[in-house]
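Tertiary structure, described
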Amino acid sequence: MDSLIQPSFEPPPQVVKQQPQPYRARPRAAGLALLPALVAALSLSACTKPVSLREQDVLNHVAHRYRAFFPDAADPDPRHDVGLLRPRFGLPTILGTGSATAATAGPVRFDVELMERGGPVELALALVPHELPPESAARCASLPQDPPAASGWAVDPVSRPEPAGCHPLRIVSARREPLPDGAAHVFLTVQALGPVPPRDYDLYLRSPVDSPARAPRSVWLRPGDPATAPLRIAHLSDLHVGKGRHGRVLENLERVLNDVNAGAPDLVVLTGDIANMGTRARLEERAAELLQRLNAPVLAVLGNHDHGFGSMLFRTPYGAGWANFARVFHSSLLYSLNLGGWEFIGFDSGPSEFSARVLTRGLSPESLAVLEEKVAAAQRAGRRGVILFSHAPSRAALSTRADPERPGPVGRMYRGARAFETVLLRHAPELRLIHLSGHTHWSDLYEAHARTGEAPRRFVRWDANALTPCLQPLRGRVSLITTQSASHTTFPYRRNGRGYGFTWLLLGEQAPQVAFKRYLGTQPERCPSDPPPASS
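Notes on the structure follow. Sequence order as written defines residue numbering, which begins from 1 separately in each chain. The model is predicted, so local features are restricted to residues of pLDDT at least 70 and side-chain atom pairs to those at 80 or more, both for listing and for counting; the totals for chains, interfaces and linings are taken over all residues. Excluded from the side-chain calculations are hydrogens and water; all other atoms, namely the structure's heavy atoms, are used.

Focus on the sheet that holds strand β15 (residues 385-389)
- The sheet built from seven strands is open, its strands ordered β12-β13-β15-β17-β21-β18-β19 with mixed pairing. In this open sheet, the two strands that pair with only one neighbour each are β12 (334-339) and β19 (459-461). On average, adjacent strands in this sheet sit at an angle of 20° to one another, irrespective of strand direction.
- Note: two strands are recorded as paired if DSSP finds a minimum of 2 bridges between them. In DSSP terms, a helix is any run of H or I states spanning at least four residues, a strand is any run of E spanning at least two, and both are numbered starting from the N terminus. Note that β15 and strand β17 (residues 432-437) share five bridges and pair parallel. Considered in β17, the bridge of Ile 387 is made with Ile 434. Angles run from 0 to 180 degrees between N-to-C directions of axes, and those axes are lines fitted to C-alpha atoms, restricted for helices to the stretch in contact.

Pasting the structure below:
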């Protein structure tokens, strides 16, 4: 949320006299130079409407700006290109062995999505351990020596010894849908040639027309059936890698990441502002390097800081921040994934509005229609519930006396907030729905209650003193959970804004449970029922 207007309560950055280092704040003069542009854009940017998050519209935009999303300075054939859309870090594929005791999985089969330009080319894909060196990974995904099949797709990898731990993939089927600018959306089904041990893998992609692509920790194979297993979810937001005194932010963030790993989550949800300024590509890269230490699949969406503030000033749909995010995470602005019998739906809440109220653009009518259809599809499929997540919440209020009937004046989605909540309330009689967000840098929880089979009508806000590290059940049919910044404090005068932290969410057969993990300095707040620390 850290806007240009809200105070951060961090010590001001020192003026850099030498060439700036990758993660240090730029000189204050750079911000002053933008002041005329800020003033000139004030009356214009507030009119900017949210863009459509429909998949076709997003893919069309990516195809039109292909090189921004898939740069390749060493491209051996500029007339042909293949870019990996999914799975990626931040948008993984999660598979199961089918048995909790199986040492390896049977035929591992999953879907891969690509963006292609210039027609089909030979492809080689493999699952490789994250620690496997690049030269060994390249030998695992060897290109065929024979001419491609009539379809243009490689069918079998070359038969040669592979490095230990790598698993070549066979392309079982392929389908292409045309996109603008000579591009195509390609859907592959791939299958491993042999047994695959459960663990995390990088997806490695080679073609003769591009440099190799490697999606770190993008395919997870686990014992059992991930469609039915209980879930332990860590929800993090507002990491702001590269902010102010970067060393303190990193120390806090590393403390949080270590504790998340110690809690053995089944999934980590990141709700944006991963980098403090997404238009600086190196910050997104550094953030991804840190987050790849997590021992769990990661689902990520952009925040307004990931977008950057150029689109806010000049009324552009999106700027360089989205492309920088996409290079190390993914380009999707709305997506879904089924896990543990729950449907997870991530969506972008938009860049910043030029406003003292620290709003994001929110949701367009087209995007709301897509979200409602995904929720309805989850209901038809018999899901246990739906977890939606975005950077900005649909409601936020600085005052604890604020009327919970109102969405609040600050720190939320500007457009579509009420309509979004209406979608949730409309489906609440048949589904349990939870929305995860960040942006405000304080923790919050609103719930809408109703009897079984009835639609709830109003939200009730939890008392700030109830947002504790102790697990507590969620009672509402709809729950709106906001988590504070995972790296620093912005509102120390608020009980639910002190320190930094993250949120645990447990999904099982009973009511979902939530716990708010908060750190004051280097020490976390503890639940009285927790065992004492090992050092005591």
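Quick look at the state of the cysteines
- Note on disulfides: each one is a pair of cysteine sulfur atoms within 2.5 Å. The full count for this structure, using the stated rule, is two disulfides.
- Disulfide pairing places Cys 470 opposite Cys 527 at an S-S distance of 2.1 Å. Residues Cys 470 and Cys 527 are joined by a disulfide whose S-S torsion is about 105°; by sign, that bridge is right-handed. Highlighted residues: Cys 470 in the loop between β19 and β20 (472-473) and Cys 527 in the segment after β24 (523-524), separated in sequence by 57 residues.
- Under the relative-accessibility criterion, Cys 527 is labelled buried at 7%.
- When the bonded cysteines of the protein chain are numbered from the N-terminus onward, they pair as 1-2, 3-4. For every residue, the accessible area obtained with a 1.4 Å probe (protein chains only) is divided by the maximum for its type, and the residue is called buried under 20%, exposed over 50%, and partly exposed between those limits.

Some details on the sheet that holds strand β2 (residues 93-96)
- Spatial strand order, β1-β3-β6-β5-β4-β7-β8-β2: eight strands in an open sheet with mixed pairing. For this open sheet the edge positions go to β1 (81-86) and β2, each flanked by a neighbour on one side alone. Between one strand axis and the next, the sheet turns by 35° as a mean value, whatever way the strands run.
- Sheet topology places β2 next to strand β8 (residues 210-222); four bridges connect them, and they run parallel. Counted as the bridge partner of Leu 95 is Leu 221 from β8.
- In this analysis, two residues are considered to be in contact whenever any of their non-hydrogen atoms come within 4.5 Å of each other. Contacts from helix α3 (residues 55-64) reach β1, β3 (109-117), β5 (167-178) and β6 (183-192) within the one sheet, and its direction differs from that of β3 by about 50°.

Considerations on the pairing of β3
- Bridge count for β1 against β3 is five bridges, and the pairing is antiparallel. Opposite Arg 86, over in β3, you have Glu 113 as the bridge partner.
- Pairing between β3 and β6: nine bridges, direction antiparallel. Looking at β6, one finds that Glu 113 is bridged to Phe 187.

Here we look at helix α10 (residues 320-328)
- Most of α10 sits inside the fold, with seven of its nine residues counted as buried.
- Residues Gly 321, Trp 322, Ala 323, Asn 324, Phe 325, Ala 326 and Val 328 constitute the buried set of α10.
- Buried residues in α10 make contact with α3, α4 (66-69), α7 (281-291), β11 (298-301) and α8 (304-307).

A few points about the environment of Arg 415
- Counting through the fold element by element, Arg 415 comes out in strand β16 (residues 413-415).
- Taking relative accessible area as the criterion, Arg 415 reaches 22% and is therefore assigned partly exposed.
- Linking Arg 415 and Lys 49, residues 366 residues apart in sequence, is a C-alpha distance of 8.1 Å.

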